[in-house]
Protein chains: 2
Amino acid sequence: MSPVSKVRLGIIGGAGRMGRWFKRIFEAEGYEVLVADKGTPLSNQDLAKACDVVFVSVPMSAFEEVVKEIGPLLTEKQGLIDFCSLKKEQNEIMLAHTTCEVVAAHPLFGPGEKDLTNQKVALWPSRGKKWFNWFEEFLKAQKAQTIVVPPDDHDRIMAIVQVINHLMLLALGKLMGSAGLELELIQKLATPSFVRQLDIVARFADQDPYLYGLIQFDNPLGEEMRHKYLDILEELTAIADKKDMENFVKVFKEVQNLSHKLKLH
Amino acid sequence: MSPVSKVRLGIIGGAGRMGRWFKRIFEAEGYEVLVADKGTPLSNQDLAKACDVVFVSVPMSAFEEVVKEIGPLLTEKQGLIDFCSLKKEQNEIMLAHTTCEVVAAHPLFGPGEKDLTNQKVALWPSRGKKWFNWFEEFLKAQKAQTIVVPPDDHDRIMAIVQVINHLMLLALGKLMGSAGLELELIQKLATPSFVRQLDIVARFADQDPYLYGLIQFDNPLGEEMRHKYLDILEELTAIADKKDMENFVKVFKEVQNLSHKLKLH
């Protein structure tokens, strides 16, 4: 099979930032890409009938409605691939509303990246192998890293990688905006560590607040992780307020130990 | 004045990581560098009498004792320069115990860096100009960035740059070590943002726990900033638990606004 000449791709939500990003990447490889979105001449249903693979790249709040609309129209020869930032519930929605092949995918990067080189995509062959294999090979040919991971494992890990990371960045940003310290002097005096932290804040701030809200709200482990992080921060604050060097060093050494384990992987 | 041929430098605490680091840098430029530390043949007092400039690079817990010991031995022609991570109280200690020239310095980096290129050093000409000018010129010739900042401004800014940055990294590390999630999978699924965050954690973990304890405990604004950060984190956790999109987006946009200001500087 020569994929480029025979496979027609469709992106529902193709006018959004991630939708446009993948359209550009697919087209650069010679694929025909149809797009449906609010205001496009093509409807979601027409796109679903016309394409071999249908990507759904819509806000998670609209996802179920879109899958219910187009899922029943897709045949077993077609593939349905989603780009949701959470995977367990979204994967179940897809399986419930279609009999076609299903791939659960999460591009682990935002539309600010140049191309797929060294970018990660989490994947799960939820139903069928043909379109999973096609997509995984496409990604690998573009030098992306694919990580095959069950949807519930994915969501658990994202409770740290996204929920807690975003929470601590948001809190830092809000503190910097409200602490009454001169931003210019903060930047001038930033250590190498804090220069990097400010860079992460800037990248974070460039993202979509509504998407990041749902990532924060809908992760099944999110609430638990947030409260664990809060408890740890309260404990550390109490240690620091008391100038309790013994316990401070104990926690620090736990983190040194963790850091060594991270380097082993 | 040809500084290299005539100026003799001394480092008290010269066997510690930062002391050795600066000894290497000075010697590479041809300076004679004497070192005193626990177990060296040379005593602090002998070093103080023999050198044109005395650097004090000891743990902050030992700083006052060292300055009291050597300060009275130094004459007005000599210079005293400290490397403490906090500056206000430490500067006052130096001024109180010597009549020599005094420079308050804080190298804003750790001994893991290769050389001074692009590294920042906060400086304040606390008493006299001659040794301040000499040190600033040395640093600039080494391509370091010098930031002249009053000691109390320095300490206020470090309440975010170091106290809060370290606190949030420590909490993240402790959470990762205790959340029951597979570290290897966290790394595999790390987004570009979280890859950077893990890199910061690894750099952080490489530092001296006791130094970082004092940075946390002794900053005059530290307690206030820690509690502000904790309050913000509690507020954000409540917003996320309630899935309160309106207020989540409001805070997110505040951080976007802050990020734009950061880019202007």
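**Q** Hey, could you run me through the overall build of chain A in this one?
**A** Looking only at helices and strands, one finds twelve helices and seven strands in chain A. Within the span of chain A, comprising 265 residues, buried residues form 58% of the whole. For chain A, the computed accessible surface area is about 10,900 Å², with 50% contributed by carbon and sulfur atoms. Considering chain A, the positive charge centre built from 32 side chains and the negative charge centre built from 36 side chains are found 5 Å apart.

**Q** Is there a simple way to think about the sheet that holds strand 4 (residues 79-82) of chain B in this case?
**A** Pairing between the strands of a sheet comes from backbone hydrogen bonds, and it takes one of two forms, parallel or antiparallel. Residue and element names in this part refer to chain B. An order of 2-1-3-4-5-6-7 is seen for the seven strands of this open sheet, with the pairing classed as mixed. The open sheet has two free edges, formed respectively by strand 2 (32-36) and strand 7 (145-148), since each of these has just one partner strand. Sheet twist, expressed as the mean angle between neighbouring strand axes with direction ignored, is 25 degrees. Where helix 2 (residues 17-28) meets the sheet, its contacts fall on strand 1 (8-12), strand 2, strand 3 (53-56) and strand 5 (101-107), and the angle it forms with strand 1 comes to roughly 165 degrees.

**Q** Is there a simple way to think about the relation of the copies chain A and chain B in this case?
**A** Between the two copies of this chain, the relationship is a rotation about some axis together with a displacement along it. The two copies are related by a screw motion: chain A maps onto chain B through a turn of 180 degrees and a shift of 0.0 Å along the axis, at an RMSD of 0.0 Å. Both copies are brought into coincidence by an operation consistent with a two-fold rotation axis. A shared binding surface is used by both copies, with 100% of the interface residues of chain A retained as interface residues in chain B.

**Q** Looking at this structure, I do not really get the interface of chain A and chain B. What am I missing?
**A** Often the size quoted for an interface is simply the accessible area lost on bringing the parts together. On the side of chain B, 99 residues touch chain A, which itself brings 99 residues to the contact. Interface area, chain A with chain B, both sides summed: about 9,600 Å², of which 73% is carbon and sulfur. Where K243 of chain A meets D218 of chain B, a salt bridge forms, and the shortest distance between an N and an O atom there is 3.4 Å. One can count 33 residue pairs in polar contact (both at pLDDT 80 or more) joining chain A with chain B. Elements that contribute at least two residues to the side of chain A that touches chain B include exactly strand 6 (120-127), helix 7 (151-178), helix 8 (183-188), helix 9 (192-205), helix 10 (209-218), helix 11 (222-241) and helix 12 (245-264) of chain A. With 22 residues, helix 7 of chain A is the largest single contributor of residues to the side of chain A that touches chain B. The class makeup of the residues in the side of chain A that touches chain B is 56 nonpolar, 20 polar and 23 charged.

**Q** How should I be thinking about the pattern of salt bridges in this particular structure?
**A** What the rule picks out here adds up to 32 salt bridges over all chains. In this structure, the salt-bridge partner of K174 of chain A is E254 of chain B, at a minimum N-O distance of 3.2 Å. Linking K174 of chain A in helix 7 with E254 of chain B in helix 12 (residues 245-264), this pair reaches from one chain into another. Using a relative accessible area of 16% as the deciding quantity, one classes K174 of chain A as buried. A salt bridge links K87 of chain B to D82 of chain B, with the shortest nitrogen-to-oxygen separation between them at 2.9 Å. Look at K87 of chain B and you get buried, because its relative accessible area is 3%.

**Q** Any chance you could explain the environment of M158 of chain A here in plain terms?
**A** Positionally, M158 of chain A belongs in helix 7. Remark: the alpha-carbon pair of M158 of chain A and L221 of chain A, spanning 63 residues in sequence, is separated by 8.7 Å. Excluding residues that lie within four positions of it along the chain, M158 of chain A makes contacts with S85, H106, L108, V163 and N219 of chain A together with L189 of chain B.

**Q** Quick question: what am I supposed to make of the packing of aromatic side chains here?
**A** Given two aromatic rings, their pairing is described by the distance between the two centres and the angle made by the two planes. All names here are of chain A. In total, this model carries 46 aromatic pairs over all chains according to the counting rule given. Between W134 and F135 the ring centres are 5.9 Å apart and the planes differ by 25 degrees, which places this aromatic pair in the stacked class. Residue classification places W134 among the buried residues on the basis of a relative accessible area of 7%. For F135, a relative accessible area of 0% puts it in the buried group.

**Q** Just checking my understanding: could you explain the side chain of K120 of chain A for this structure?
**A** Among the secondary structure elements, K120 of chain A is positioned in strand 6. Buried K120 of chain A, no salt bridge; nearest opposite-charge side chain is E113 of chain A, N-O distance 12 Å. Those residues in contact with K120 of chain A, other than ones at most four positions away along the chain, are H106, P107, L108, F109, Q145 and I147 of chain A together with Q187, K188, L189, A190 and V195 of chain B.

**Q** Can you walk me through the packing of helix 7 of chain A against helix 11 of chain A in this structure?
**A** Helix packing geometry: the angle between the two helix axes and the distance between the axes. Residue and element names in this part refer to chain A. Remark: helix 7 packs on helix 11, axes separated minimally by 10 Å, with the N-to-C direction vectors making an angle of 50 degrees. What the angle tells us is that helix 7 and helix 11 run oblique. Of the two elements, helix 7 crosses helix 11, and the hand of that crossing is right-handed. Contacts between helix 7 and helix 11 involve A159, I160, V163, I164, L167 and M168 from the former and G222, M225, R226 and Y229 from the latter.

**Q** I keep staring at helix 4 (residues 60-70) of chain B and nothing clicks. Help me out?
**A** Every α-helical turn comprises 3.6 residues, leaving residues that sit three or four positions apart pointing alike. Residues and elements named next belong to chain B. Of all the positions in helix 4, only M60, F63, V66, V67 and I70 are classed as buried. The buried side chains of helix 4 occupy one side of the element, clustering within an arc of 100 degrees when seen end-on. Of the residues in helix 4, the exposed ones pointing more than 90 degrees away from the buried face are S61 and E65. Structurally, helix 4 contributes buried residues whose contacts are with strand 1, helix 3 (44-50), strand 3, strand 4, helix 5 (88-97) and helix 10 (209-218).

**Q** Explanation requested: the state of the cysteines in the structure shown.
**A** Any covalent bond linking the sulfur atoms of two cysteines counts as a disulfide. The final tally for this structure, using the stated rule, is zero disulfides over all chains. There is no disulfide at C100 of chain A, and the cysteine sulfur nearest it, in C51 of chain A, is 12 Å away.

**Q** Where do I start with the packing of helix 9 of chain A against helix 9 (residues 192-205) of chain B in this structure?
**A** Closest axis-to-axis distance for the helix 9 of chain A/helix 9 of chain B pair is 10 Å, and the angle between their directions is 165 degrees. When the axis of helix 9 of chain A is compared with that of helix 9 of chain B, the two are roughly antiparallel. As helix 9 of chain A packs across helix 9 of chain B, the resulting crossing turns out to be left-handed. On helix 9 of chain B, the residues touching P192, S193, R196, Q197, D199, I200 and R203 of chain A of helix 9 of chain A are P192, S193, R196, Q197, D199, I200 and R203 of chain B.

Definitions and cut-offs
- Residues numbered from 1 in each chain as written.
- Chains lettered and ligands numbered in written order.
- Predicted model: local features only at pLDDT ≥ 70, side-chain atom pairs only at ≥ 80, totals over all residues.
- Heavy atoms only, no water.
- Helix = DSSP H or I, 4+ residues; strand = E, 2+ residues; numbered from the N terminus.
- Buried < 20%, exposed > 50% of the residue type's maximum accessible area, 1.4 Å probe, protein only.
- Areas by Shrake-Rupley, 256 points an atom, 1.4 Å probe, with all protein chains shown as cover.
- Lys, Arg positive; Asp, Glu negative; His and termini not counted.
- Charge placed at Lys NZ, Arg CZ, Asp CG, Glu CD.
- Pairing = 2+ DSSP bridges.
- Axes fitted to C-alpha atoms, helices over the stretch in contact; angles between N-to-C directions.
- Contact = heavy atoms within 4.5 Å.
- Least-squares fit on C-alpha atoms with pLDDT ≥ 70 in both.
- Buried area = accessible area lost by both parts, 1.4 Å probe.
- Salt bridge = Lys/Arg side-chain N within 4 Å of Asp/Glu carboxyl O.
- Polar contact = N/O pair within 3.5 Å; in protein donor to acceptor, adjacent residues only side chain to side chain.
- Nonpolar A, V, L, I, M, F, W, Y, C, P; charged D, E, K, R; others polar.
- Phe/Tyr/Trp six-rings, centres within 6.5 Å; stacked < 30°, edge-to-face > 60°.
- Parallel < 35°, antiparallel > 145°, perpendicular 65-115°, else oblique.
- Left-handed = near helix turned anticlockwise from the far one by under 90°.
- Arc of directions from axis to C-beta.
- Disulfide = S-S within 2.5 Å.

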